[in-house]
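Inside the fold
Each chain, letter by letter, is given below.
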Amino acid sequence: FKFLITFSLIFYSHASFSKKIIEGKAKIIDGDTIHIGINKIRLHGIDAPETNQECTIDAEAWNCGVKSTLALKNFILDKKVYCEIIDIDQYKRFVGICFVDNENINQYMVRNGWAIAYRYYSHDFIDDEESAKKNKVGIWQGKFQEPYLYRKSQNN
């Protein structure tokens, strides 16, 4: 009987920590948010420009937020997306690390300069950000306000 109780406690505590997986066709909301069915998923460890955010190259404005969204859309296309959910954020969205064809979407967005490493929540993609910055790709081609600072300035 003791064994059964011990086994049940181990089994149920382990089950509660098993990863939640969400997979299917994704609808792209912006450069760091997707929907799969009714599930809203924020990509873990990255922060992409807001859809209405502009950046500059040689003092000329361009819509980096739309470009970031399109980069994610083009990367995913109509492929099946697989997300490992690791948290739920303050807006009740799932927070996940997502993949398409076994390639990490979160990492792709940072490595290609369409999002920054969101250091406030994670240090996972700092090397990818450094690479994008060095290669002057995506938003690193010019100047931009960090997305979280842009959001903050819009809420004033």
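Residues numbered from 1 in each chain as written. Predicted model: local features only at pLDDT ≥ 70, side-chain atom pairs only at ≥ 80, totals over all residues. Heavy atoms only, no water.

**Details of the state of the cysteines**
Spelled out, the test is: The rule for a disulfide is simple: a pair of cysteine sulfur atoms within 2.5 Å.
Scanning the model with the defined rule gives two disulfides in all. Here the cysteine-cysteine linkages of the protein are recorded as 1-2, 3-4, numbering only bonded cysteines and doing so in sequence order.

**Considering the pattern of salt bridges**
Cut-off, in case you're wondering: The salt bridge criterion pairs a side-chain nitrogen of Lys or Arg with a carboxyl oxygen of Asp or Glu, the two atoms within 4 Å. In this description a helix means any DSSP run of H or I spanning at least four residues, a strand means any run of E spanning at least two, and both kinds are numbered starting from the N terminus. Throughout this description, buried means an accessible area under 20% of the type-specific maximum (1.4 Å probe, protein chains only), exposed means over 50%, and partly exposed covers the range between.
Enumeration over the complete set of coordinates arrives at 12 salt bridges. Measuring nitrogen to oxygen at the nearest pair gives 2.8 Å for the salt bridge that ties Arg119 to Glu129. Note that Arg119 is positioned in the loop between strand S11 (116–117) and helix H4 (126–135) and Glu129 in helix H4, a separation of 10 residues in sequence. Here Arg119 falls in the partly exposed class, since its relative accessible area comes to 36%. Ionic pairing is found between Glu130 and Arg119, a salt bridge with its closest N-O pair at 3.8 Å. Placement of the pair is Glu130 in helix H4 and Arg119 in the loop between S11 and H4, with a sequence separation of 11 residues. Residue Glu130 is classed as partly exposed on the basis of its relative accessible area of 37%.

**Some remarks on unusual backbone geometry**
Positive phi, normally seen in glycine, also occurs at Ala59, with a value near 65°. Checked against the element boundaries, Ala59 lands in the loop between strand S6 (55–57) and strand S7 (60–62). Judged by relative accessible area, which is 76%, Ala59 ranks as exposed. A positive phi angle, close to 70°, is found at Lys92, a residue other than glycine. When you line up the elements, Lys92 lands in the loop between strand S8 (80–88) and strand S9 (94–100).

**Some details on the side chain of Asn104**
Inclusion rule: Each polar contact in these results corresponds to two N or O atoms within 3.5 Å; when the atoms are within protein, one needs to be able to donate a hydrogen and the other to accept it, and residues that are neighboring in sequence are counted only if both atoms are side-chain atoms. Note on definitions: a residue-residue contact is assigned when non-hydrogen atoms from the two residues lie within 4.5 Å.
Mapped onto the fold, Asn104 is located in strand S10 (residues 103–104). The exposure class assigned to Asn104 is buried, which follows from its relative accessible area of 15%. A distance of 2.9 Å separates a polar side-chain atom of Asn104 from the backbone nitrogen of Asn106. Residues within four places of Asn104 in sequence aside, it is in contact with Ile97, Cys98, Phe99 and Phe125.

**A look at the pairing of S8**
The condition is simple: Between any two strands, at least two bridges found by DSSP are needed for them to pair.
The pairing of strand S1 (residues 20–25) with S8 spans six bridges and is antiparallel. Paired with Lys25 across the strands is Lys80, a residue of S8. Pairing of S8 with S9, which is carried by six bridges, proceeds in the antiparallel orientation. Considered in S9, the bridge of Ile88 is made with Phe94. Here S8 folds back onto S9 in antiparallel fashion, the turn holding five residues, of which Lys92 has a positive phi close to 70°.

**A word on the confidence of the model for the protein**
Selection rule: Per residue, pLDDT measures the predictor's confidence, with a range of 0 to 100.
Mean pLDDT for the protein: 90, with 88% of residues reaching 70 or above. Considering only residues more than four positions removed or in separate chains, one finds that residues 1–17, a stretch of pLDDT under 50, has zero contacts.

**Things to note about the side chain of Glu129**
Residue Glu129 is classed as buried on the basis of its relative accessible area, which comes to 4%. Those residues in contact with Glu129, other than ones at most four positions away along the chain, are Val110, Ile116, Ala117, Arg119 and Trp140.

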